[in-house]
Amino acid sequence: MAIALEILPMALLDVSCEVREQVELLQKQAKRAQIYVDPEDPKLWREIQALMAQIERKESPDMIKLMEVFGNLDLNSASDCQRELEKLEDEVEGAWEASEEVRFRINDLASLIRFGKCVLYGATGLQEEEVSGTLVKLSDCEDLKVPEDFRCPISLDLMTDPVIISTGQTYERAAITRWMDGGHQTCPKSGQTISHNVLIPNQALKSLIRQWCDDLGINLSASEPAHHGNRVSQSTPTSLEATKLTVEFLLRQLPSATEKSQRHIAGELRLLAKCGSDNRKVIADAGAVPLLIPLLSVPDVRTQEHAVTAILNLSIFPPNKEIIVEAGAIDPLIHVLCSSDTSDVARENSAAALFSLSHVTDYAALLGDKPNAIDGLLQLLQQGSLRGRRDAASALFNVSAYSGNRAKLVKAGAVEVLLTLLSPPDSGLRDEACAVLAVLAGSSEGRSAICEMNAVPLLIDLLRSSSPKGKENAVAILLSLSRYVGRPVIKEMMNSYIFMPSLDNLLNNGTPRARRKASSLLRHIRRVELSPVTLLGNF
């Protein structure tokens, strides 16, 4: 059907635009047709079920039988298997209304095919390596105005895998998954309770985003954050055992692998680590982390990228953080972050990995003892892509949350760098920068540096022009400065004609936290203004 529709001379037919679009859609769907097991061939189906049963019993499948089954399914090469895996991902994405049994069966089949691909044909390069060089990456187009409806409300990045949650709001799959995995039970945008964790693909919006990218010549797949979740992710005993067998096979091959094979094995581990918490546990428990760490220092850029991203994906599962740190990954990750010989992707994903690890207070404190880590994050904050700078800012926030690190951040020049991000309204990082400054303002060193940079007028302007979160942090900083620095700051605030109207607006229309901070600031100003010293000075 796909071939017939492809050669159909639509230009010569007198049909409407709607019909043309439907035909094009049908052609695309026909091309993505899934594996078809003939129901009249019970033998083949029994053989597939027997292989899955062997795996579920934690037995190694019969390799001869596996090869026969793959031959009968026309999976005669690694590329055949990879294409089929992509089709199965599309299939499970469109099967959200189907029963769990159907989705699990698709997942089991995908796990079997991935195992067979690695064992029979070897690990292969990721699809990104074959992307045409005529397209540009979204990260290289920072001046591009992305439509607001195409941005994730959480990350503010262009959505590549938009999903709808129970409240009807749409988010990037990876962003909302991390939000829910963090224990949040309310919708970030509407504040409504999330009644269930089912994520429904927003196919209409995804189609619009892809069309928009195609029109601008943007390679959407290259712009996807490396730590996105994989769509085939529901775990079953069969799929987990298949993943375990696949990982163990890959790790046995890794120490003696050629440079090219190392790159492919690291890429396979990177993909497997995207597939949910169960997979991440299986991979870490199999001992993958100590074998991935040496790949962080290899000269091959792609191998390094895959290793960094695999460690990042593994770190998302909280118990793996200790495994990664205990294996000695911190220093190699910092080296990747700071090295001029690594790719932008590797540097940004190393920052994301450090951000993930710094959620643990002890590891945030450990990063503060690594001057290169702070310097590397500050450098990325100034020179990286928007996503990379956002990860760097988030990592710095976690590091600064440990009180012993604040003086170190100030000494490294963090206040100056953060203030430069507050000036351009379209920097995309004003909220993140202001949040870190609010934490640093909790230290005497931070307050001194903020005052030395004459930042009070800029902070007052943020009370009027920034986002609700930015206003929260701006008023928090001004409150801290007024309490500990005192009258010079208060005098500067009162001399600004926009300060009191902005503060009044915050008291009436701000977030609950902003209103509390604004009220405290106003009370403090009144106490200082009415103090005997001030009255005598006025007299």
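Residues numbered from 1 in each chain as written. Predicted model: local features only at pLDDT ≥ 70, side-chain atom pairs only at ≥ 80, totals over all residues. Heavy atoms only, no water.

This next bit is on the packing of helix α26 (residues 468-484) against helix α28 (residues 499-509). Relative orientation of the contacting elements α26 and α28 amounts to 120°, with a least axis distance of 12 Å. Between α26 and α28, the interaxial angle falls into the category oblique. You can see that α26 and α28 cross each other, and the crossing is left-handed. Contacts between α26 and α28 pair Lys-471, Val-475 and Leu-478 from the former with Phe-499, Leu-503, Asn-505 and Leu-506 from the latter. Along the lines of polarity and charge, the residues of the contact of α26 with α28 split into 5 nonpolar, 1 polar and 1 charged. (Axes fitted to C-alpha atoms, helices over the stretch in contact; angles between N-to-C directions. Helix = DSSP H or I, 4+ residues; strand = E, 2+ residues; numbered from the N terminus. Parallel < 35°, antiparallel > 145°, perpendicular 65-115°, else oblique. Left-handed = near helix turned anticlockwise from the far one by under 90°. Contact = heavy atoms within 4.5 Å. Nonpolar A, V, L, I, M, F, W, Y, C, P; charged D, E, K, R; others polar.)

What follows deals with the packing of aromatic side chains. The geometry of an aromatic ring pair is captured by the separation of the ring centres together with the interplanar angle, meaning the angle of the planes. Across all of its chains, the model carries 1 aromatic pair by this definition. A centroid spacing of 5.9 Å and a plane angle of 75° characterise the contact between Phe-150 and Trp-212, whose relative ring orientation is edge-to-face. One end of the pair, Phe-150, is in the loop between β1 (136-137) and β2 (162-164); the other, Trp-212, is in helix α8 (residues 203-216), with 62 residues separating them in the sequence. Taking NZ or CZ as reference, Arg-447 lies 4.0 Å from the ring centre of Tyr-484, over its face. (Phe/Tyr/Trp six-rings, centres within 6.5 Å; stacked < 30°, edge-to-face > 60°. Lys NZ or Arg CZ within 6 Å of the ring centre and 35° of its normal.)

Looking now at unusual backbone geometry. Phi angles above zero are rare outside glycine, and Lys-58 is one such case at about 65°. The topology assignment puts Lys-58 in the loop between α3 (42-56) and α4 (63-72). For Asn-454, which is not glycine, the phi dihedral falls at a positive 50°. Relative to the helices and strands, Asn-454 is located in the loop between α24 (444-452) and α25 (456-465). For Asn-454, a relative accessible area of 59% puts it in the exposed group. (Buried < 20%, exposed > 50% of the residue type's maximum accessible area, 1.4 Å probe, protein only.)

What follows is about the pattern of salt bridges. Pairing is possible between side chains that carry opposite charge, provided their charged atoms lie close to one another. Under the counting rule described, the total for this entry stands at 20 salt bridges. The residue Asp-300 makes a salt bridge to Arg-263 at a minimum N-O spacing of 3.2 Å. With Asp-300 in the loop between α13 (288-292) and α14 (301-315) and Arg-263 in helix α11 (residues 259-272), this pair connects stretches of sequence that are 37 residues apart. Considered together, Asp-300 and Arg-263 belong to a single accessibility category, that of buried residues. Between Arg-302 and Glu-305 there is a salt bridge whose closest N-O contact spans 2.6 Å. Taken together, the positions of Arg-302 and Glu-305, both in helix α14 and 3 residues apart, correspond to about one turn of that helix. Of the residues examined, Glu-305 reaches a relative accessible area of 6% and is grouped as buried. In the salt-bridge network here, residues are joined through shared partners; they are Glu-47, Lys-65 and Glu-68. (Salt bridge = Lys/Arg side-chain N within 4 Å of Asp/Glu carboxyl O.)

Moving on: the nonpolar core. One finds Leu-292, Leu-381, Ile-450, Leu-478, Met-493, Phe-499 and Leu-521 to be the most contacted residues of the largest nonpolar core, which totals 97 residues. If we ignore the near neighbours within four places in the chain, the residues touching Leu-478 are Val-456, Leu-459, Ile-460, Leu-463, Met-493, Phe-499 and Leu-521. Core analysis: the next-biggest nonpolar cluster, separate from the first, contains 21 residues, Leu-51, Leu-75, Leu-88 and Ile-113 among them. (Core = buried A, V, L, I, M, F, W, Y, C linked by side-chain atoms within 4.5 Å.)

Moving on, we get to the sheet that holds strand β3 (residues 170-172). The sheet built from 3 strands is open, its strands ordered β3-β2-β4 with antiparallel pairing. This sheet does not close on itself; its edge strands, each paired only once, are β3 and β4 (200-201). Each of β2, β3 and β4 is contacted by helix α7 (residues 173-181), which is oriented at about 95° to β3, the strand it contacts most. (Pairing = 2+ DSSP bridges.)

Running from amino to carboxyl end, α3 crosses α4 at an angle of 135°, the nearest separation of the two axes being 10 Å. As judged from the angle between their axes, α3 and α4 are oblique. Between α3 and α4 the crossing geometry is left-handed. Residues Leu-44, Glu-47, Ile-48 and Leu-51 of α3 touch α4, and the partners they reach there are Lys-65, Leu-66, Val-69 and Asn-72. Considered class by class, the residues forming the contact of α3 with α4 number 5 nonpolar, 1 polar and 2 charged.

Turning next to the environment of Ala-266. Note that Ala-266 resides in helix α11. Residue classification places Ala-266 among the buried positions, given a relative accessible area of 0%. Through-space distance from the C-alpha of Ala-266 to that of Thr-309 is 9.3 Å; in sequence the pair is 43 residues apart. Those residues in contact with Ala-266, other than ones at most four positions away along the chain, are Leu-295, Thr-303, His-306 and Ala-307.

Turning our eyes to something else, we now look at a nonpolar patch on the surface. A cluster of nonpolar side chains, Leu-8, Leu-13, Val-15 and Val-19, forms an exposed patch at the surface whose accessible area comes to about 260 Å². One can find Val-15 in the loop between α1 (2-6) and α2 (17-31). When its relative accessible area of 30% is taken as the criterion, Val-15 is described as partly exposed. (Patch = residues over 30% accessible without salt bridge, like charges linked within 9 Å, V, L, I, M, F, W, Y side chains within 5 Å. Areas by Shrake-Rupley, 256 points an atom, 1.4 Å probe, with all protein chains shown as cover.)

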